[in-house]
Amino acid sequence: MQRGPGGVFAVSIIVRPDDVRRQNQLGIMLALRRHGNLSRTELSAATGLSASTVTVITNSLIQLRVIQSFNNTDFLNGVTFTRLIQIGFIFRQMLNAFE
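First, a word on what this report is: a plain description of the structure on this page.

Criteria and cut-off values
- Residues numbered from 1 in each chain as written.
- Predicted model: local features only at pLDDT ≥ 70, side-chain atom pairs only at ≥ 80, totals over all residues.
- Heavy atoms only, no water.
- Patch = residues over 30% accessible without salt bridge, like charges linked within 9 Å, V, L, I, M, F, W, Y side chains within 5 Å.
- Areas by Shrake-Rupley, 256 points an atom, 1.4 Å probe, with all protein chains shown as cover.
- Salt bridge = Lys/Arg side-chain N within 4 Å of Asp/Glu carboxyl O.
- Helix = DSSP H or I, 4+ residues; strand = E, 2+ residues; numbered from the N terminus.
- Buried < 20%, exposed > 50% of the residue type's maximum accessible area, 1.4 Å probe, protein only.
- Core = buried A, V, L, I, M, F, W, Y, C linked by side-chain atoms within 4.5 Å.
- Contact = heavy atoms within 4.5 Å.
- Axes fitted to C-alpha atoms, helices over the stretch in contact; angles between N-to-C directions.
- Parallel < 35°, antiparallel > 145°, perpendicular 65-115°, else oblique.

1. Describing a nonpolar patch on the surface
On the surface, I13, V15 and V20 cluster together into a nonpolar patch covering about 300 Å² of accessible area. Its place among the elements puts I13 in the loop between β2 (9-10) and α1 (17-35). Owing to a relative accessible area of 70%, I13 belongs among the exposed residues under this scheme.

2. Quick word on the nonpolar core
With 17 residues, the main nonpolar core has I28, L32, L43 and L61 as its most contacted residues. Per-element accounting of this core gives the leading share, five residues, to α1. Every residue in contact with L43, bar those within four places of it in the chain, is listed here: I28, A31, L32, L38, V54, T58 and L84.

3. Re the packing of α1 against helix α2 (residues 40-47)
At a minimum axis separation of 10 Å, α1 and α2 run at an interaxial angle of 105°. With respect to α2, the axis of α1 lies roughly perpendicular. Seen from α1, the contacting residues are G27, I28, A31, L32 and H35; seen from α2, they are L43, A46 and T47.

4. Comments concerning the pattern of salt bridges
Summed over all chains, the structure comprises three salt bridges. Here R16 makes a salt bridge to D19, at a shortest N to O gap of 3.3 Å. On the accessibility criterion, R16 (49% relative accessible area) is partly exposed. A relative accessible area of 34% means that D19 is categorised as partly exposed. Two residues, D19 and R22, come together in a salt bridge whose shortest N-O distance is 3.0 Å. Taken as a pair, D19 and R22 lie in helix α1 at a separation of three residues, close to a single helical turn.

See below:
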């Protein structure tokens, strides 16, 4: 152990990237369950994850057919955006695997 600021011992913790990825994936899935259909931007705000992290994780969940994307248009502004929705059975199975 090394002494940190103020003479307090500092403990190093090793975090595996797979554990971080799983934790972020769970955060995204819980946000979708809690808030319903969200865009990637809304997921980023809801989870505190960066936009690029949300994109990587949601793309992997789409490939696994855990979530699905669909385009939506805001007719007032004419802007098209993508929303993400959960797919029932597989989504629940993955959430149960985390618990």
